[in-house]
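# Per-entry structural report
Spelled out from the first residue to the last, the chains are:
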Amino acid sequence: MKNYSTMAHVKDVFDNIAKSAPDKREYKGMVLDNGMKILLISDPTTDKSSAAMDVNAGSLLDPKELPGLAHFCEHMLFLGTEKYPEENQYSKFLSEHGGSSNAFTSAEHTNFYFDVAPDHLEGAMDRFAQFFRSPLFTPSATEREVNAVNQENDKNISNDTWRLFQLDKTTCNPNHDYSKFSTGNKETLETNPKAQGLNVRDELLKFHTKYYSANLMALSVLGKESLDELQALVVPKFCDVENKNLTVPRWDEHPYGPEQLQVEID
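The notes below deal with the structure included here. Note on numbering: residues in each chain are counted from 1, in written sequence order. Since the coordinates come from a predicted model, pLDDT governs what is reported: local features require at least 70, and pairs of side-chain atoms require 80 or more to be given and counted, while whole-chain, interface and lining totals use all residues. Neither water nor hydrogens contribute to the side-chain values; these are computed over all heavy atoms in the structure.

### Quick look at the sheet that holds strand β7 (residues 217–223)
Selection criterion: Think of it this way: DSSP has to see at least two bridges between two strands before they count as a pair. Only DSSP runs of H or I with at least four residues qualify as helices, and only runs of E with at least two residues qualify as strands; both kinds are numbered from the N terminus onward. Only C-alpha atoms enter the line fits that serve as axes; for helices the fit covers just the stretch in contact. Angles between N-to-C directions range over 0 to 180 degrees. Any pair of residues with heavy atoms lying within 4.5 Å of one another is described as a contacting pair.
Taken together, 7 strands build an open sheet; the order of strands is β1-β2-β3-β7-β4-β6-β5 and the sheet is mixed. In this open sheet, the two edge strands, each paired with only one partner strand, are β1 (10–14) and β5 (100–105). For this sheet, the mean angle separating the axes of adjacent strands, direction not counted, is 15°. Across the sheet, helix α2 (residues 69–76) touches β5 and β6 (110–116), and the angle it forms with β5 is around 165°.

And the structure:
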């Protein structure tokens, strides 16, 4: 029997999801009334439960005066929420229950994901859901996490893939959002903002408030529970994520115009 309170938050359900013949898993797609898209996957034999949330907002949306802010926001969501204020409480819970987590920021998307022992999916999901509802962005964590972002960038400097990626950006139209330095470092996220009188914590809150909208989010969840049980577990945790009715960002102008084409780099 379906839970009425759960169904009250579901706008559309998609049961006929195409899958390969050998696939024994069961699937259900849904759209919540806040616009969030969810895919539930039931596999009673799984040795790990997992989830991934994609937010259709990435580094192209960085303010020009704060390169790397979207990436910094991704880092900060791991460091305390209103319900779970202790820093690293999410990561600690996962590590104590056979799990792990990670995230990445690309040009147009930010993605967060985790796995955990099957009996602890609900505890992990509850902590995970708070990323998208009530992050703290505490001043102390903000100051310290800049160093983590800076160390990540230092590591990238000697990596040829990252070097070519940044070269690609520097040779495009400098007025296009693609040209921005997407990773960020201590200079772009601390030194320069301070010189401009910008409070980075305030800017993180603004970014999360502005772009982390339910209608730009897509969640997938795999668990050993039945589809109805997964729905009852997941929907209440995400149905009140705010829908700001944002339009999916688009960049119709190509980052390389006539002046940037056929340029040789020695």
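### Some points on a nonpolar patch on the surface
Basically, it comes down to this: Residues with no salt bridge and a relative accessible area higher than 30% make up the patches, which join like charges within 9 Å and nonpolar side chains (Val, Leu, Ile, Met, Phe, Trp, Tyr) within 5 Å. Per-residue accessibility takes into account occlusion by the displayed protein chains alone, with areas from the Shrake-Rupley method and a 1.4 Å probe. Here a salt bridge means any side-chain nitrogen of Lys or Arg lying within 4 Å of a carboxyl oxygen belonging to Asp or Glu.
Among the surface-exposed residues, Leu164, Leu167, Val263 and Ile265 lie close enough to one another that they form a single nonpolar patch of about 370 Å² accessible area. Structurally, Leu167 is set in helix α6 (residues 160–170).

### Brief notes about the packing of helix α3 (residues 89–96) against helix α4 (residues 121–129)
Here is the rule we go by: For this classification, under 35 degrees means roughly parallel, over 145 means roughly antiparallel, 65 to 115 means roughly perpendicular, and everything else is oblique. Here is the rule for handedness: rotate from the far helix to the near one, and if that takes an anticlockwise turn smaller than a right angle the crossing is left-handed, while a clockwise turn gives right-handed. We call Asp, Glu, Lys and Arg charged. Ala, Val, Leu, Ile, Met, Phe, Trp, Tyr, Cys and Pro are nonpolar, and the rest, Gly among them, are polar.
Two numbers describe how α3 lies on α4: the axes approach to 10 Å, and their chain directions differ by 165°. Taken together, the axes of α3 and α4 are roughly antiparallel relative to one another. When the axes of α3 and α4 are compared, the crossing they make is left-handed. Contacts from Gln89, Tyr90, Phe93 and Leu94 of α3 reach α4 at Gly123, Ala124, Arg127 and Phe128. Split by residue class, the contact of α3 with α4 holds 5 nonpolar, 2 polar and 1 charged.

### Quick notes on the packing of aromatic side chains
We describe a pair of aromatic rings using the distance from one ring centre to the other and the angle between the two ring planes. Heads up, the rule is: To pair, rings of Phe, Tyr and Trp, with the six-membered ring standing in for Trp, must have centres within 6.5 Å; the planes then decide the type, stacked if under 30 degrees apart, edge-to-face if over 60, and tilted in the middle. Exposure classes here rest on a 1.4 Å probe applied to the protein chains alone. A residue is buried below 20% of its type maximum, exposed above 50%, and partly exposed in between.
Within this structure, the stated rule accounts for 14 aromatic pairs. Centroid distance Tyr90 to Phe128: 6.1 Å. Interplanar angle 20°. Geometry classified as stacked. Pair noted here: Tyr90 is in helix α3 and Phe128 is in helix α4, with a separation of 38 residues, a long-range link. Of the residues examined, Phe128 reaches a relative accessible area of 0% and is grouped as buried. One aromatic cluster is present, formed by Phe78, Tyr90, Phe112, Phe114, Phe128, Phe131 and Phe132 through successive ring pairs.

### Structural notes on the layout of surface pockets
Quick note on the threshold: Grid spacing is 1 Å over the protein atoms alone, the probe is 1.4 Å, and a cavity is where that probe fits but cannot get out, while a pocket is an open set with protein on both sides within 12 Å along at least five of seven lines and lining residues have an atom within 4 Å of a point. Grid points are joined across faces, edges and corners, and a volume is the space filled by probe spheres set on the points.
The volume enclosed by the largest pocket comes to roughly 210 Å³. Along the walls of the largest pocket sit 13 residues, with Thr142, Glu143, Lys194, Val200 and Arg201 positioned nearest its centre. Elements with a minimum of two residues in the lining of the largest pocket: α5 (139–157), α7 (186–195) and α8 (200–211). For the lining of the largest pocket, the residue count by class is 7 nonpolar, 2 polar and 4 charged.

### Structural notes on the nonpolar core
Going by this rule: What makes a nonpolar core is a set of buried Ala, Val, Leu, Ile, Met, Phe, Trp, Tyr and Cys residues whose side-chain atoms join them at distances within 4.5 Å.
Counting 56 residues, the largest nonpolar core has Phe132 and Phe238 as its most contacted members. With 6 residues, the top contributor of residues to this core is helix α9 (residues 227–238). Excluding anything up to four places from it in sequence, Phe132 contacts Met53, Val55, Phe112, His208, Tyr212, Met217, Phe238 and Val241.

### Quick notes on the side chain of Ser213
Mapping Ser213 onto the fold places it in the loop between α8 and β7. Aside from chain neighbours lying at most four places away, what touches Ser213 is Glu242, Asn243, Lys244, Asn245 and Leu246.

### Looking at empty space enclosed by the protein
Applying the stated criterion to the full structure yields 1 cavity of 30 Å³ or more. Counted as a void, the largest cavity has a volume near 60 Å³. Lining the largest cavity, in full, are Leu77, Phe78, Leu79, Gly80, Thr81, Tyr84, Glu86, Asn88, Gln89, Tyr90, Arg127 and Phe131. Residue composition of the lining of the largest cavity, by class: 6 nonpolar, 4 polar and 2 charged.

### Quick notes on the environment of Asp115
With respect to the helices and strands, Asp115 occurs in strand β6. On the accessibility criterion, Asp115 (22% relative accessible area) is partly exposed. Residues Asp115 and Ser49 lie 66 residues apart in sequence; the distance between their C-alpha atoms is 5.5 Å. For Asp115, the contacting residues outside a window of four places in its chain are Lys48, Ser49, Ser50, Leu94, Gly98, Gly99 and Ser100.

### Topic: the pattern of salt bridges
Considering all chains together, one arrives at 15 salt bridges under this definition. For the salt bridge of Glu87 with Arg144, the shortest nitrogen-to-oxygen distance reads 2.7 Å. Residue Glu87 is located in the loop between α2 and α3, and its partner Arg144 is located in helix α5; the two are separated by 57 residues in the primary sequence. By relative accessible area, which is 45% here, Arg144 ends up partly exposed. Here Arg133 makes a salt bridge to Asp240, at a shortest N to O gap of 3.0 Å. Remark: Asp240 occurs in the segment after α9 and Arg133 occurs in the loop between α4 and α5; sequence separation between them is 107 residues. Salt bridges linked by common partners bring Lys83, Glu122, Asp126 and Lys237 together as one network.

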